[in-house]
Amino acid sequence: MDKMNYTIKPFFWVEHSNTASVCLDVGMYLQDIFDTRANEGFEGGGYDWGSLAQVFLDECRPELKNTIKMDPEASMFVAYSEDKIALRDFIISFKSACEDKTFILDLFSRAELD
């Protein structure tokens, strides 16, 4: 999994017996994206990341919507699945989307405050 963690950094992969999770300690990565909507209450916390990831799933990876689950906390974004291959596909494509600032800003414009 070291190569996987390198690929998805700053997200990180966590193996469980029957599931896997991808996590992000929030607060540094892409904070400027969340700051664009700070006046609406977005802070860049785990729930905000969950909202952004949900828009990504709905619009870009709808085939994974029923497979990937979100369990964010205030200080951490967490997505998990029993289908580790689907989770891997999700996080690689989500990380790629996050690296395209114009694209991720557009997706974030449709995120709803949780």
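Residues numbered from 1 in each chain as written. Predicted model: local features only at pLDDT ≥ 70, side-chain atom pairs only at ≥ 80, totals over all residues. Heavy atoms only, no water.

## Quick notes on the overall build of the chain
- Check the secondary structure of the chain and you find five helices and four strands.
- Overall, the chain shows an N-to-C arrangement of helices and strands of α-β-β-α-α-β-β-α-α.
- A compact globule built from 114 residues should have a C-alpha radius of gyration of about 13 Å, and the chain, at 13 Å, falls within 12% of that.
- The C-alpha extent of the chain, read off along each of the three principal axes, is 40 × 25 × 25 Å.
- Expressed as a percentage of its 114 residues, the buried residues of the chain come to 44%.
- Side chains of the chain give 11 positive and 21 negative charges; the mean places of these two sets differ by 6 Å. (Helix = DSSP H or I, 4+ residues; strand = E, 2+ residues; numbered from the N terminus. Rg over C-alpha atoms; globule rule 2.2 N^0.38 Å. Buried < 20%, exposed > 50% of the residue type's maximum accessible area, 1.4 Å probe, protein only. Lys, Arg positive; Asp, Glu negative; His and termini not counted. Charge placed at Lys NZ, Arg CZ, Asp CG, Glu CD.)

## Some points on the pairing of strand S1 (residues 12-15)
- Pairing analysis gives four bridges linking S1 to strand S2 (residues 20-25), with the strands arranged antiparallel. Residue pairing for S2: Phe12 is matched across the bridge by Cys23.
- Hairpin connection of S1 to S2: four residues between the antiparallel strands. (Pairing = 2+ DSSP bridges.)

## Points about the packing of helix H3 (residues 46-60) against helix H4 (residues 84-98)
- It is at 11 Å that the axes of H3 and H4 come closest, and there the two elements cross at 105°. Taken together, H3 and H4 sit at an angle that is classed as roughly perpendicular. Touching Trp49, Leu52, Ala53, Phe56 and Leu57 of H3 are Phe90, Ser93, Phe94, Ala97 and Cys98, all from H4.
- Its residues assigned to classes, the contact of H3 with H4 shows nine nonpolar, one polar and no charged. (Axes fitted to C-alpha atoms, helices over the stretch in contact; angles between N-to-C directions. Parallel < 35°, antiparallel > 145°, perpendicular 65-115°, else oblique. Contact = heavy atoms within 4.5 Å. Nonpolar A, V, L, I, M, F, W, Y, C, P; charged D, E, K, R; others polar.)

## A look at the nonpolar core
- Counting 33 residues, the largest nonpolar core has Phe11, Trp49, Phe90, Ile91 and Phe94 as its most contacted members.
- Looking at this core, the elements that each hand over two or more residues are helix H1 (2-8), S2, helix H2 (31-35), H3, strand S4 (76-81), H4 and helix H5 (101-108).
- When residues of this core are assigned to their parent elements, the largest contribution, seven residues, is made by H4.
- Ignoring anything within four residues of it in the chain, the contact list for Phe90 reads Val22, Ala53, Phe56, Leu57, Arg61, Leu64, Ile68, Met70, Phe77 and Ala79. (Core = buried A, V, L, I, M, F, W, Y, C linked by side-chain atoms within 4.5 Å.)

## Remarks on the sheet that holds strand S3 (residues 69-70)
- Spatially, four strands are ordered S1-S2-S4-S3 in an open sheet, and the strand pairing comes out antiparallel. With partners counted over all chains shown, the strands left at the sheet margins are S1 and S3, one partner each.
- Running over the sheet, H3 touches S2, S3 and S4 and is turned about 40° from S4.
- The strands that H4 touches are S1, S2, S3 and S4; relative to S2, the one it contacts most, it runs at about 30°.

## Here's the deal with the side chain of Ser21
- By secondary structure assignment, the location of Ser21 is in strand S2.
- Judged by its relative accessible area of 8%, Ser21 is buried.
- A distance of 2.9 Å separates the side chain of Ser21 from the side chain of His16, its partner in a polar contact.
- Residues contacting Ser21, with those up to four places away along its chain left out, are Phe12, Trp13, Val14, His16, Val78, Ala79, Tyr80 and Leu87. (Polar contact = N/O pair within 3.5 Å; in protein donor to acceptor, adjacent residues only side chain to side chain.)

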